[in-house]
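Analysis of the macromolecular model
Letter by letter, the chains look like this.
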Amino acid sequence: QAASPPQLIQSLSGHRLRVACVKFAGRAVRTLDDGEGAPLMLASADTSGHVILWDVLRGTALTHLAHPAGTAGKPSAALCLHWLSSQPGHLLCAHASGAVLLWRLSHAGSGATTLWRSDMPEPPTLLAVDP
């Protein structure tokens with residue numbers, strides 16, 4: 001018997017340009033001010049550098065992160081994302097301009113603050129953190 005074709009279960013709409021990277025948090029992301037209802041999160045970033053944090057179970061956007069300006073003030077594409085397993089609620093994002101930003105999510109992903117930014121001479125292609 002032939003296998004049935006895969007079916008689309010959910011689609012997340014919100015990016016205006018091509019999505020360049022996606023990173024699943026892997027577990028409910030609890031921040032310091034969260035209670036029990038922390039959502040399962042997914043981060044997606046597009047070629048303009050726009051990052052959206054999603055509530056996976058509801059299929060809704062929680063917040064949009066401002067992208068850093070690249071050369072001549074133009075947006076810089078996002079290259080990779082990395083959730084910090086040792087610091088729940090923290091997301092690293094590397095951009096084609098060489099900018100690497102560390103975001104701290106506020107309550108249940110409803111907003112975020114840039115904690116740290118470093119501008120590398122070359123764009124990073126991989127983010128990895130040694131616990």
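So, how was this worked out
- Residues numbered from 1 in each chain as written.
- Predicted model: local features only at pLDDT ≥ 70, side-chain atom pairs only at ≥ 80, totals over all residues.
- Heavy atoms only, no water.
- Helix = DSSP H or I, 4+ residues; strand = E, 2+ residues; numbered from the N terminus.
- Buried < 20%, exposed > 50% of the residue type's maximum accessible area, 1.4 Å probe, protein only.
- Contact = heavy atoms within 4.5 Å.
- Salt bridge = Lys/Arg side-chain N within 4 Å of Asp/Glu carboxyl O.
- Pairing = 2+ DSSP bridges.

A tally of helices and strands in the protein chain yields zero helices and eight strands. When the helices and strands of the protein chain are read in sequence order from the N terminus, they spell out β-β-β-β-β-β-β-β. Out of the 131 residues belonging to the protein chain, those deemed buried represent 41%. Counted over contacts in the protein chain with a minimum sequence separation of 6, partners at least 24 positions apart contribute 48%.

Here we come to the pattern of salt bridges. Any two side chains of opposite charge can pair, so long as their charged atoms come close to each other. According to the stated counting rule, one finds two salt bridges in the structure shown. Its salt-bridge partner being R58, residue D55 comes within 3.0 Å of it at the nearest N-O pair. Put simply, D119 and R117 hold a salt bridge, and the shortest N to O gap is 3.0 Å. When its relative accessible area of 51% is taken as the criterion, D119 is described as exposed.

Another aspect to go through is the pairing of strand β7 (residues 99-105). For β7, the tally of buried residues reaches six of seven residues, placing the bulk of the element in the interior. In the sheet, strand β6 (residues 90-95) pairs with β7 via five bridges, with the strands oriented antiparallel. Looking at β7, one finds that L92 is bridged to L102. What sits between the antiparallel neighbours β6 and β7 is a turn of three residues, in which G98 has the positive phi angle 100 degrees. Examined bridge by bridge, β7 and strand β8 (residues 112-119) share seven bridges and lie antiparallel to one another. By the bridge assignment for β8, R104 is matched with T113.

Bridge count between strand β3 (residues 51-55) and strand β4 (residues 60-65): five bridges; the pairing is antiparallel. Bridge pairing in β4 places V51 opposite L65. Remark: four residues form the turn of the hairpin made by β3 and β4, two consecutive strands paired antiparallel; G59 in that turn has positive phi of roughly 70 degrees.

Mapped onto the elements, L91 comes out in strand β6. What makes L91 buried here is its relative accessible area of 0%. A C-alpha to C-alpha distance of 9.6 Å links L91 and A112, two positions 21 residues apart in sequence. With sequence-adjacent residues up to four places away left out, L91 is seen in contact with A43, V51, L53, L65, L81, H82, W83, L101, L102 and W103.

As far as function goes, none of this settles anything; it's purely spatial.
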